[in-house]
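# Secondary and tertiary structure notes
Residue-level listing of the chains:
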Amino acid sequence: MSWIHVRDQLKAVRFVIDTELEGILNVTSPHPVQNATLMGELRRHLHRPWSPPAPAAAVRLGALVMRSDPALALTGRRCIPKRLLDAGFGFEFPELGPTLDDLLGEPA
């Protein structure tokens, strides 16, 4: 699961403008995580109990209602911001834990 802190996203847009990078870029954290890790960290930060994963049929139905592609939730996407990193971009929040701490507060 690719993710990015909002400050890093805005910083990356500014970096691309300032350095005049062209072409397609992955603007994501350099450390994607598995969905189970993301959900576990979100539950921990939001003080929610464990819950089972949503069945694929429910995901497909939800995607239909939201007019989205169910593959976004059902299949993996491992995006790495290689071009940004190669150009010298530095992330303020490259790791998920500190990102969620900053956005949601430290878990109790």
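I will try to describe carefully the structure that is included in this document.

Thresholds, definitions, all that
Residues numbered from 1 in each chain as written. Predicted model: local features only at pLDDT ≥ 70, side-chain atom pairs only at ≥ 80, totals over all residues. Heavy atoms only, no water. Phe/Tyr/Trp six-rings, centres within 6.5 Å; stacked < 30°, edge-to-face > 60°. Helix = DSSP H or I, 4+ residues; strand = E, 2+ residues; numbered from the N terminus. Buried < 20%, exposed > 50% of the residue type's maximum accessible area, 1.4 Å probe, protein only. Core = buried A, V, L, I, M, F, W, Y, C linked by side-chain atoms within 4.5 Å. Contact = heavy atoms within 4.5 Å. Patch = residues over 30% accessible without salt bridge, like charges linked within 9 Å, V, L, I, M, F, W, Y side chains within 5 Å. Areas by Shrake-Rupley, 256 points an atom, 1.4 Å probe, with all protein chains shown as cover. Salt bridge = Lys/Arg side-chain N within 4 Å of Asp/Glu carboxyl O. Expected span 1.5 Å × (residues − 1). Arc of directions from axis to C-beta. Polar contact = N/O pair within 3.5 Å; in protein donor to acceptor, adjacent residues only side chain to side chain.

Before going further, it helps to examine the packing of aromatic side chains. Applying the stated criterion across every chain, the model contains two aromatic pairs. With 5.3 Å between their ring centres and 65° between their planes, Phe 15 and Phe 89 make a pair best called edge-to-face. On the criterion of sequence distance, the pair formed by Phe 15 in helix 1 (residues 6–19) and Phe 89 in the loop between helix 5 (82–86) and helix 6 (96–104) is long-range, its members being 74 residues apart. We classify Phe 15 as buried; its relative accessible area is 16%. A relative accessible area of 5% places Phe 89 in the buried class.

With six residues, the main nonpolar core is built from Ala 12, Phe 15, Val 16, Leu 84, Phe 89 and Phe 91. Looking at this core element by element, the count peaks at three residues for helix 1. The residues touching Phe 91, leaving out its near neighbours within four places in the chain, are Ile 4, Asp 8, Lys 11, Thr 28, Ser 29, Pro 30, Pro 81 and Leu 85. If you look at the next biggest cluster of nonpolar residues, it comprises five residues, including Trp 3, Leu 38, Leu 96 and Leu 100.

On the surface, a cluster of nonpolar side chains totalling about 440 Å² of accessible area is made up of Val 6, Leu 10, Leu 46, Leu 103 and Leu 104. Broken down by secondary-structure element, the contributors of at least two residues to the nonpolar patch are helix 1 and helix 6. For Leu 103, the location among the structural elements is in helix 6. Using a relative accessible area of 45% as the deciding quantity, one classes Leu 103 as partly exposed.

This paragraph deals with helix 2 (residues 35–46). Relative to the 16 Å expected for 12 residues at 1.5 Å per residue, helix 2 spans 16 Å between its end C-alpha atoms, a close match to the ideal helical length. By the burial criterion, the buried members of helix 2 are Leu 38, Glu 41, Arg 43 and His 45. Those residues of helix 2 that are buried are in contact with helix 6. Once helix 2 finishes, His 47 follows within two positions and takes phi at roughly 55°, a positive value.

Moving on, we get to helix 1. For helix 1, which comprises 14 residues, the first-to-last C-alpha distance of 20 Å matches the rise-based estimate of 20 Å (1.5 Å per residue) to within 8%. Turning to helix 1, its buried residues number three or more, namely Asp 8, Ala 12, Phe 15 and Val 16. Along the axis of helix 1, the buried positions cluster into a sector of 95°, meaning they face one direction only. In helix 1, those exposed residues whose orientation departs by more than 90 degrees from the buried face are Leu 10, Ile 17 and Asp 18.

Let us look at the environment of Asp 8. Within the element layout of this structure, Asp 8 appears in helix 1. C-alpha separation for the pair Asp 8 and Phe 89, spaced 81 residues apart in sequence, amounts to 9.8 Å. Ignoring any residue separated from it by four or fewer positions in sequence, one finds Asp 8 in contact with Phe 89, Phe 91, Glu 92, Phe 93 and Pro 94. At 2.8 Å, the side chain of Asp 8 and the backbone nitrogen of Glu 92 are in polar contact.

Don't take any of this as a statement about function, it's just geometry.
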